[in-house]
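Now for the letters of each chain:
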Amino acid sequence: MEGFRKILSHSGKSILFLDELLAGFLLFAKKNHMRIIKEVSHPLCKITVFFWNGKYLVKVERGLIEQTYKIPETEISGEQDIDKLLGSQFMDKVLIRFEEMENDFIEALEKIDA
């Protein structure tokens, strides 16, 4: 541990102990680390729920297209609310939006080839 007790200095002024700097970084990394909460089974797309920076992120993927929805943790009571969201008419609209996005993407690619 003695190696981490060296003082960082600039122009002769002590700034911070390296172990304090490391502890601060580890605390920051732990608070801001994105983690997977769960994967939701769906026959037409892949759904992954993440938690990061005080928000749930619901990532829905189909082929080359993805949609991500950010939900502040203060807006829902927990993961059960995310399950309700994904089991509702919302997913029907997500799938319709995928079709629109895929058509737009194909159209844009065709313009490149022209």
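The structure under discussion appears in the preceding block.
Residues numbered from 1 in each chain as written. Predicted model: local features only at pLDDT ≥ 70, side-chain atom pairs only at ≥ 80, totals over all residues. Heavy atoms only, no water.

**Thoughts on the overall build of the protein chain**
Keep this limit in mind: Under the scheme used here, helices are H or I runs from DSSP no shorter than 4 residues and strands are E runs no shorter than 2 residues, and both carry numbers assigned from the N terminus. Burial classes: relative accessible area under 20% of the type maximum marks a residue as buried, over 50% as exposed, and values in between as partly exposed (1.4 Å probe, protein chains only). Here, residues are in contact when the closest pair of their heavy atoms is within 4.5 Å. Areas reported as accessible are Shrake-Rupley estimates using a 1.4 Å probe. Residue values count occlusion only from the protein chains shown.
A tally of helices and strands in the protein chain yields three helices and six strands. Moving toward the C terminus, one meets the helices and strands of the protein chain in the order β-β-α-β-β-β-β-α-α. The buried share of the protein chain, taken over its 114 residues, is 21%. Summarising the internal contacts of the protein chain: among those between residues at least 6 apart in sequence, 28% fall at separations of at least 24. Here the protein chain displays about 8,700 Å² of accessible surface, and carbon together with sulfur accounts for 57% of that area.

**Let's talk about the sheet that holds strand 3 (residues 35–40)**
Here is the rule: A strand pair is defined by DSSP finding two or more bridges across the two strands. An axis is simply a line fitted to the C-alpha atoms; with a helix, the fit covers only the stretch in contact. Between two such axes, the angle follows the N-to-C directions and lies from 0 to 180 degrees.
If you trace the four strands from one edge of the open sheet to the other, you get 3-4-5-6, paired in antiparallel fashion. Each of the sheet's edge strands pairs with one partner strand only, and the pair in question is strand 3 and strand 6 (65–72). In this sheet, neighbouring strand axes are inclined to one another by 20 degrees on average, regardless of whether the strands run parallel or antiparallel.

**So, the side chain of Arg62**
Defined as follows: Pairs of N or O atoms within 3.5 Å make up the polar contacts considered here, provided that, within protein, one atom can donate a hydrogen while the other can accept it, and that residues adjacent in sequence are counted only when both atoms are side-chain atoms.
In this fold, Arg62 is placed in strand 5 (residues 55–62). Only 2.8 Å separates the side chain of Arg62 from the side chain of Glu102, close enough to count as a polar contact. The contact partners of Arg62, leaving out residues within four places of it in the chain, are Leu44, Cys45, Leu95, Phe98, Glu99 and Glu102.

**Quick word on unusual backbone geometry**
In this structure, Asn53 is a non-glycine residue whose phi angle is positive, near 55 degrees. Relative to the helices and strands, Asn53 is located in the loop between strand 4 (46–52) and strand 5.

**Quick notes on the pattern of salt bridges**
Cut-off, in case you're wondering: Salt bridges are defined by distance alone: a side-chain nitrogen of Lys or Arg within 4 Å of a carboxyl oxygen of Asp or Glu.
Evaluated as defined, the whole model comprises five salt bridges. The partner of Glu102 in a salt bridge is Arg62, with the nearest N and O atoms 2.8 Å apart. Note that Glu102 is positioned in helix 3 (residues 89–113) and Arg62 in strand 5, a separation of 40 residues in sequence. Note on Glu102: relative accessible area 21%, which makes it partly exposed.

**Examining the packing of aromatic side chains**
Spelled out, the test is: Two rings from Phe, Tyr or Trp (for Trp, the six-membered ring) form a pair when their centres are within 6.5 Å of each other. A pair whose planes differ by under 30 degrees is stacked, one over 60 is edge-to-face, and the rest are tilted.
The final tally for this structure, using the stated rule, is two aromatic pairs. With a centroid separation of 5.0 Å and an interplanar angle of 70 degrees, the aromatic rings of Phe51 and Tyr56 are classed as edge-to-face. For the pair Phe51 and Tyr56, one class covers both residues: buried. Summarising the aromatic geometry, the rings of Tyr69 and Phe90 are spaced 5.0 Å apart at their centres and angled 75 degrees between planes, so their arrangement reads as edge-to-face. Pair noted here: Tyr69 is in strand 6 and Phe90 is in helix 3, with a separation of 21 residues, a long-range link.

Bear in mind that shape data such as this cannot, by itself, settle questions of function.
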